[in-house]
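Here is how the chains run, residue by residue.
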Amino acid sequence: MPIKSWLKDLSNHTINRIRLKPKLIASYMIAGFLPLLFMGFFLVHKANQIIENQTNLTYGISMQQLMYNMETRLASYEELSNHFYFDTNLNLDLQKDYSKSSNLDKYEVESDFIERVKVLLKFKNDVRTVGIYFHNATLYNAKPYLTFADDKIAGQLNFQRASASKYKGYWGKVKSVPDGNLYWDVELRRNAPNTRVFSYNRPLEFYTDHHSVGLLTIEIKESEFYQLLSKEGTDKAIYLVEPDGNIITSNNRTSVGKNLEADVLGEIGSQAGGDFLLQRSEDHFKVMYSELSNGWKMVYMIPVNRLLEETKNMRNYGLLFILVSAAVSVALLVIFSNLILSRMTILLKRIQRMRNGEIETGRFVSGKDEIAVLDHSFNQMAERMKYLIDEVYTLTIKRKEAELTALQSQINPHFLYNTLSTVSWLGRKNGNDDVCEIVESLAKFYRISLSKGKDVIPMREEFECIKAYMDIQRYRMKNRIRSIYALDEGIMDATVLKLILQPIVENAILHGLSHEKEQISILIKGGYVGGIVLLEVSDDGVGMEPEVVAMLLDESAQLNQKGGYGLRNVNERIKLQFGHDYGVEVKSKPGSGTSVFIRLPYQTE
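Residues numbered from 1 in each chain as written. Predicted model: local features only at pLDDT ≥ 70, side-chain atom pairs only at ≥ 80, totals over all residues. Heavy atoms only, no water.

Draft legend 1. Spotlight on the overall build of the protein chain. When helices and strands are tallied, the protein chain shows 17 helices and 17 strands. Each of the 605 residues in the protein chain was classed as buried or not, and the buried ones make up 38%. Taking as baseline every contact in the protein chain between residues at least 6 positions apart, the subset at least 24 positions apart corresponds to 62%. Of the accessible surface of the protein chain, which amounts to about 35600 Å², a share of 56% is contributed by carbon and sulfur atoms. (Helix = DSSP H or I, 4+ residues; strand = E, 2+ residues; numbered from the N terminus. Buried < 20%, exposed > 50% of the residue type's maximum accessible area, 1.4 Å probe, protein only. Contact = heavy atoms within 4.5 Å. Areas by Shrake-Rupley, 256 points an atom, 1.4 Å probe, with all protein chains shown as cover.)

See below:
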């Protein structure tokens, strides 16, 4: 069957290549934790939906409460106007002919009204002023409380609309009024402080013929409505908007006096209430709106991120709980798996130690199950292998060690030192100082290069060795070589692989001199920078082509030059000893010489 064959291939190529413990843990996780994980994600999703719905409901209740407060405030202004609208005496005073009355009579009428208004204003901080624009030309102006509606005032379109509004009144648009001016009588005053106000207007009429004797205007401070909106917090933008889209007030003061955004206004249209999701390139908003009784609209713009903040927190807590549960489950599974597989682990570690050359015999696992049988069989194999190693491998190693010891004895360094010392003594006895110096340099070179079989020596000895080598080459080349040393005393105690400078100097001599180049100068520098030892060997020889320089350290390149192998060997020794961050770098230019840089870690014995 195709499914059975697929499962068999999956087992052979994938499952059987995974260790037993991960397979046990995976099987437990799939069987036990995976259903719990799906249930957790489902519960978190449902909780997010509940929280999102509850958040929308909370904002809706907040908006309804604010609408109620607004309606209450607007109704209070209509109620305030009733004190004047239903005052028969006031209507009679406003229509009376004062052409034959004394100034005192006029003053009494005006003062009675003004005192009445002043008393009201003491208890209404949100009202800027209350005034009447009358049509009786025989009555005096007493601004801002009593103002004659001349042609300039009466000719305003909105004043005419307010005068024709009858019983229900007219809500004037919000505007900035300079101090000392009135809502319907605004004069331009430069640098005068302004107050943003809107007005509730109601024509004063007789009950019989509905003849208007004046227009009652209550000027209301926009800032008082702002106070209502500001209490709602800054997590959302709230706008009180006129029918044409002009923003009366908002908890975002920068938008006051502007028009509501066109995309929001277009979605709202003429609808009395509702909500929609507004998508913009950068932000998304949930928009809720409702119409007040006077035609204004309350608009809520709530960032979607704010709506989803609680759901995000819930999701994060849910995910954290799931992750912690998963971690605890995995930890428990690992513990129980270790208990189950601990005896198998003992056998596996025993096999690993044998792979590293450590052969142990004896019974390490007790019991009679399959693991115990494997341990018993493995123990028999270990005993057999140990016997073969002891009998064959160990004997072979001893024979090789004996051969090596015999070979080393043939080149006993003491014999070499004593022989060179004898040659030096004979040269000095015969008065041949040059022979003495070159033999002593050779003795020093071999003493340091052998170094009692050590691979790592102090930097001081490496410099002594290269100086001895340079002295020998100077005699050999008849002073065609000039050596210059610039060595930092601070690196003399650092350890270094022995004989790393000699192959480089030899390469400089071998390739730096030519028939045209009679003499060569070799600079050997050593310094310390930031925990790194930097060595430099530079010459003013004939130099090399870029292709030759690129081949020197390339392990895959075939070198035709003898000196290149020594340079490559030094680079490989350094990298093997200290890592790939260290090694050799070569810079050369034909006719300008060659510089070899060595990078080493600063280490001491």
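Draft legend 2. Highlighting unusual backbone geometry. Although it is not a glycine, Leu-499 sits at a positive phi angle of roughly 60°. Note on placement: Leu-499 falls in the loop between strand 13 (495-497) and helix 15 (502-512). For Leu-499, a relative accessible area of 23% puts it in the partly exposed group.

Draft legend 3. Main features of the side chain of Asn-294. Tracing the chain through its elements places Asn-294 in the loop between strand 9 (284-291) and strand 10 (297-303). With sequence-adjacent residues up to four places away left out, Asn-294 is seen in contact with Leu-74 and Trp-171.

Draft legend 4. Spotlight on the pairing of strand 1 (residues 127-134). The buried fraction of strand 1 amounts to 8 of the 8 residues, a majority that puts the element mostly inside the structure. Bridge count between strand 1 and strand 5 (residues 212-221): 7 bridges; the pairing is antiparallel. Across the sheet, the residue bridging to Tyr-133 is Leu-215, located in strand 5. Across 3 bridges, the pairing between strand 1 and strand 2 (residues 146-148) is parallel. Residue pairing across strands places Tyr-133 opposite Thr-147, the latter belonging to strand 2. (Pairing = 2+ DSSP bridges.)

Draft legend 5. Inspection of the pattern of salt bridges at higher detail. All told, the structure shown has 11 salt bridges when counted by the stated rule. A salt bridge links Asp-493 to Arg-460, with the shortest nitrogen-to-oxygen separation between them at 3.5 Å. With a gap of 33 residues between them, Asp-493 in the loop between strand 12 (481-487) and strand 13 and Arg-460 in helix 14 (residues 459-476) connect regions that are remote in the sequence. Taking relative accessible area as the criterion, Arg-460 reaches 34% and is therefore assigned partly exposed. (Salt bridge = Lys/Arg side-chain N within 4 Å of Asp/Glu carboxyl O.)

Draft legend 6. Structural view of the layout of surface pockets. What the second largest pocket holds in volume is close to 290 Å³. Together, 15 residues line the second largest pocket, and Tyr-170, Trp-171, Pro-243, Asn-294 and Trp-296 are the ones closest to its centre. The set of elements that each furnish at least two residues to the lining of the second largest pocket consists of helix 6 (157-163) and strand 3 (170-178). Per-element tally for the lining of the second largest pocket: the top contributor is strand 3, with 4 residues. (1 Å grid on protein atoms, 1.4 Å probe; cavity = no way out; pocket = protein on both sides within 12 Å on 5 of 7 lines; lining within 4 Å. Points joined across faces, edges and corners; volume = space filled by probe spheres on them.)

Draft legend 7. Inspection of the sheet that holds strand 5 at higher detail. Here we have 5 strands laid out as an open sheet, ordered 2-1-5-4-3, and mixed in their pairing. Only two strands of the sheet have a single partner each, and these edge strands are strand 2 and strand 3. Direction aside, neighbouring strands of the sheet carry axes that sit 30° apart on average. Sheet strands touched by helix 4 (residues 103-122): strand 1 and strand 2. Its angle to strand 1, the strand with the most contacts, is close to 155°. Contacts from helix 7 (residues 222-230) reach strand 3, strand 4 (194-205) and strand 5 within the one sheet, and its direction differs from that of strand 5 by about 45°. (Axes fitted to C-alpha atoms, helices over the stretch in contact; angles between N-to-C directions.)

Draft legend 8. Just empty space enclosed by the protein, in detail. Per the stated rule, a full pass over the model turns up 1 cavity of 30 Å³ or more. Considering only enclosed or pocket space, the largest cavity measures out at about 100 Å³ in volume. Together, Ile-504, Asn-507, Ala-508, His-511, Gly-512, Val-537, Asp-539, Val-542, Gly-543, Met-544, Thr-594 and Val-596 line the largest cavity. Mapped by element, the contributors of at least two residues to the lining of the largest cavity are helix 15, strand 15 (532-539) and strand 17 (593-601). Looking at the lining of the largest cavity element by element, the count peaks at 5 residues for helix 15. In terms of residue class, the lining of the largest cavity is made up of 6 nonpolar, 5 polar and 1 charged. (Nonpolar A, V, L, I, M, F, W, Y, C, P; charged D, E, K, R; others polar.)

Draft legend 9. The arrangement of the nonpolar core in detail. In terms of nonpolar packing, the biggest core is built from 46 residues, with Leu-94, Ile-132, Phe-225, Trp-296 and Met-298 touching the most fellow members. Membership of the second largest hydrophobic core comes to 40 residues, among which are Met-459, Ile-491, Met-492 and Leu-501. (Core = buried A, V, L, I, M, F, W, Y, C linked by side-chain atoms within 4.5 Å.)

Draft legend 10. View of the sheet that holds strand 14 (residues 520-529). Across the sheet, which stays open at both edges, the 5 strands sit in the order 12-14-15-17-16 with mixed pairing between neighbours. Looking along the sheet, the strands with just one partner apiece sit at the ends: strand 12 and strand 16 (583-589). Pairs of neighbouring strands in the sheet enclose a mean axial angle of 15°, with direction left out of account. The pairing of strand 14 with strand 15 spans 8 bridges and is classified as antiparallel. Bridge pairing in strand 15 links Tyr-528 to Val-533. Helix-sheet contacts for helix 14 involve strand 12, strand 14, strand 15 and strand 17, and the interaxial angle to strand 12 is about 165°. Against the sheet, helix 15 touches strand 12, strand 14, strand 15 and strand 17, its axis set at about 150° to strand 14.

Draft legend 11. Structural view of the pairing of strand 8 (residues 273-279). As judged from the 7 bridges shared by strand 8 and strand 9, these two strands associate in the antiparallel manner. The residue of strand 9 that forms the bridge with Leu-278 is Phe-285. Connecting the antiparallel pair strand 8 and strand 9 is a turn made up of 4 residues.

Draft legend 12. Region of interest: a negative patch on the surface. A contiguous patch of negative charge on the surface is contributed by Asp-105, Glu-108, Asp-112 and Glu-115. With respect to the helices and strands, Glu-115 occurs in helix 4. (Patch = residues over 30% accessible without salt bridge, like charges linked within 9 Å, V, L, I, M, F, W, Y side chains within 5 Å. Lys, Arg positive; Asp, Glu negative; His and termini not counted. Charge placed at Lys NZ, Arg CZ, Asp CG, Glu CD.)

Draft legend 13. Representation of the environment of Ile-322 within the structure. Mapped onto the secondary structure, Ile-322 falls in helix 10 (residues 309-355). Along the primary structure Ile-322 and Leu-37 are separated by 285 residues, whereas in three dimensions their C-alpha atoms are 6.9 Å apart.

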